[in-house]
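Survey of secondary and tertiary structure
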Amino acid sequence: MPTYKIAIVGAGPAGYFTAQAFQKAQNEELTFSIDMIERLPTPWGLVRSGVAPDHPKIKTVSKVFEKIAKERGFRLFANIELGKDVSLKDLRDQYDAVVLATGASVGRKLGIAGEELKNSLSAAEFVPWYNAHPNYVDVEVDMSAQTAVVIGAGNVAMDVARILAIDPTELDPTDVADHALVKLKQSNIRTVIICGRRGPEHAAFTAPELRDLPKLENTDVFIDSNQIQAAIERIDGLEEIEKDLKNNIEAMKAIADQAKKGLARKLEIKFLSTPIEIKGKDKVEEVVFKKNKVENGKVIPTDETFSIKAGLVISAIGYESTSCSGVNIESGRVKNIAGHVEHNVYAVGWAKRGPTGVIGTNKSDSSDVVDLIIGNLKEPKDSEGITSLLKSGHEVIDQTAWEKINASEVISGEIAGKPRVKEVDWKRLISLGRS
Ligand code: NAP
């Protein structure tokens, strides 16, 4: 019975669902040994460092990941960086297939004047900061001003805006980073304005996330009902209205129509506003926008501009993959055709398709790539795999070590009344794994 050696680089949702697809494809004539290689000392990718702390239900998918990790033939090799500790060429030689599930971790740039000012941040820095990613602990977030602007009309913009706009005590029972909670409790921000460049009918938010907004207890949420009405009139002219769009507009209308409680904390969603400049002497003071209009289904700029005085700007306008170990990047993702990169190298998840889709999207996507890989397999390689590639003494976090880290964080969480208290220091994470 042939056993093929598979290396999956990246222990996020796409990596785990790829492992699961291989496990499901096993039969009496075909088995796989799966080595999951991860740069950080902790697995779970965006489920740990991306999903908002006040959305714990989404994180329960980690239970599925742990089940996958318990299957025979699965091994975790965390604290190993592709391009630094091992090269892609070495992995290619040692494994029958190498799957890059390395995501997209760099925030897209707005490309406007003032973007480099202090306190103009990308969600790609702000989100891992509040989620205790060891590389982002030192991100400086100055929340001394009253108003923050979030650019982009997608779910990441909404997460970021919500975290800034809610009463931070609502985050007490969550796994938000301790350092972020301290800062959020000192924050002066009371108004957060999300700005989308197109209309409500073009927004990338999803309805379940929009429907959560009116439930906020300590924050009034505003959308201009005229903008929603105009969008409704525009889509009424369409032959067919997609269900997702209908749900989104209904959810936005409910927000616009909801009676406000007169709370001090406000979250507003503005549409048809393109940022053209961020102004400030030493740090962000104002964001200038061009007003847009929709004509014949097209979004076009008007001559009108307006500005918002704000001390913090966070752009949440999508992500790009970075090259590691010589992988070609094209349009912000790993250059690939239907998941095939080159030779026996493949890509899945955001590395393959760009930063789109929710966690579950990776299930079918990874499964399609695994079908392609299995179809391309030749004779199994007689090789040792990753262990032959690492320098002696390299500290690997394997599944057992990770379970120790996990248990320690969960126990600290029980004491603090949280699901877990995340360790943010790389060295301490490793020593927890050793303990
Ligand atoms: P996204 O859904 O693609 O939204 C990006 C937003 O940025 C869009 O509104 C886009 O507007 C805007 N944008 C892009 N370039 C811009 C520019 N130069 N100036 C102004 N606006 C610009 O991306 P995302 O929010 O990063 O989310 C990534 C994926 O993760 C999505 O599939 C999302 O649903 C998912 N996610 C899900 C959850 C959840 O389920 N709770 C949470 C977070 C993320 P245009 O449409 O005009 O380009």
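Conventions adopted
Residues numbered from 1 in each chain as written. Predicted model: local features only at pLDDT ≥ 70, side-chain atom pairs only at ≥ 80, totals over all residues. Heavy atoms only, no water. Helix = DSSP H or I, 4+ residues; strand = E, 2+ residues; numbered from the N terminus. Expected span 1.5 Å × (residues − 1). Buried < 20%, exposed > 50% of the residue type's maximum accessible area, 1.4 Å probe, protein only. Arc of directions from axis to C-beta. Contact = heavy atoms within 4.5 Å. Near = heavy atom within 4 Å. Polar contact = N/O pair within 3.5 Å; in protein donor to acceptor, adjacent residues only side chain to side chain. Nonpolar A, V, L, I, M, F, W, Y, C, P; charged D, E, K, R; others polar. Domains from an automatic or database assignment. Pairing = 2+ DSSP bridges. Axes fitted to C-alpha atoms, helices over the stretch in contact; angles between N-to-C directions. Buried area = accessible area lost by both parts, 1.4 Å probe. Salt bridge = Lys/Arg side-chain N within 4 Å of Asp/Glu carboxyl O.

Observations concerning helix 10 (residues 225–236)
- Between its first and last C-alpha, helix 10 extends 16 Å over twelve residues, near the 16 Å set by a 1.5 Å rise per residue.
- Where helix 10 is concerned, the buried positions are Gln-227, Ile-228, Ala-231, Ile-232 and Ile-235. Projection of helix 10 onto a plane perpendicular to its axis shows the buried side chains occupying an angular sector of 140 degrees, all on one side. Across helix 10 from its buried face, at more than 90 degrees, point the exposed residues Asn-226, Glu-233 and Asp-236.
- The inward-facing, buried residues of helix 10 contact strand 9 (219–223), helix 11 (243–257) and strand 10 (265–270).

Considerations on the site of the ligand
- In the region of the ligand, 22 residues are neighbours, and Ala-153, Arg-197, Arg-198, Glu-209 and Gly-357 sit closest.
- At a separation of 2.9 Å, an oxygen atom of the ligand approaches a polar backbone atom of Ala-153.
- Contact distances for the ligand include 2.7 Å between an oxygen atom and a backbone N or O atom of Gly-357.
- Residue contributions to the shell around the ligand peak at three residues, all from helix 7 (residues 155–165).
- When the residues that make up the shell around the ligand are grouped by side-chain class, the tally is twelve nonpolar, six polar and four charged.
- Counting the residues that make up the shell around the ligand, at least three belong to each of domain 1 (3–105 + 320–397) and domain 2 (113–317).

Focus on the sheet that holds strand 12 (residues 286–295)
- Spatial strand order, 11-12-13: three strands in an open sheet with antiparallel pairing. Of all strands in the sheet, those bounded by a partner on one side alone are strand 11 (273–279) and strand 13 (298–309). Shown here is a sheet whose adjacent strand axes are inclined to one another by a mean of 20 degrees, direction ignored.
- Pairing analysis gives six bridges linking strand 11 to strand 12, with the strands arranged antiparallel.

Some words on the side chain of Ser-321
- Mapped onto the fold, Ser-321 is located in the loop between strand 15 (319–320) and strand 16 (329–330).
- According to the relative accessible area criterion, Ser-321 is buried, its value standing at 8%.
- At 2.8 Å, the side chain of Ser-321 and the backbone oxygen of Gly-103 are in polar contact.
- What Ser-321 contacts, discounting residues up to four positions off in sequence, is Gly-103, Ala-104, Ile-329, Gly-332, Arg-333, Val-334, Trp-350 and Ala-351.

Here we look at the domain arrangement of the protein
- Annotation of the protein at the domain level lists domain 1 (3–105 + 320–397) and domain 2 (113–317).
- Relative placement of domain 1 and domain 2: their C-alpha centres are 33 Å apart.
- Surface buried jointly by domain 1 and domain 2 totals about 1,200 Å² across both partners, of which 50% is contributed by carbon and sulfur atoms.
- At the boundary of domain 1 with domain 2, the tally comes to two salt bridges.

A look at the environment of Ile-405
- Looking at the element boundaries, Ile-405 is found in helix 14 (residues 399–416).
- On the basis of relative accessible area, Ile-405 is assigned to the buried category, the value being 0%.
- Sequence spacing of Ile-405 and Leu-429 is 24 residues, and the spatial spacing of their C-alpha atoms is 6.7 Å.
- Setting aside chain neighbours within four positions, we find Ile-405 in contact with Pro-41, Thr-42, Ile-397, Leu-429, Leu-432 and Gly-433.

Quick notes on unusual backbone geometry
- Residues other than glycine seldom take positive phi values, yet Asn-119 does so here, at roughly 75 degrees.
- If you trace the backbone, Asn-119 turns up in the loop between strand 5 (106–107) and strand 6 (120–122).

Section: the sheet that holds strand 18 (residues 340–342)
- The strand order across the open sheet formed by six strands is 3-2-1-4-19-18, and the pairing between neighbours is mixed. Edge positions in the open sheet fall to strand 3 (74–78) and strand 18, since each of these has one partner strand only. Direction aside, the axes of adjacent strands within the sheet are offset by 25 degrees on average.
- Along the sheet, helix 13 (residues 361–376) contacts strand 2 (31–38), strand 4 (97–100), strand 18 and strand 19 (345–347); its crossing angle with strand 19, the most-contacted strand, is approximately 165 degrees.

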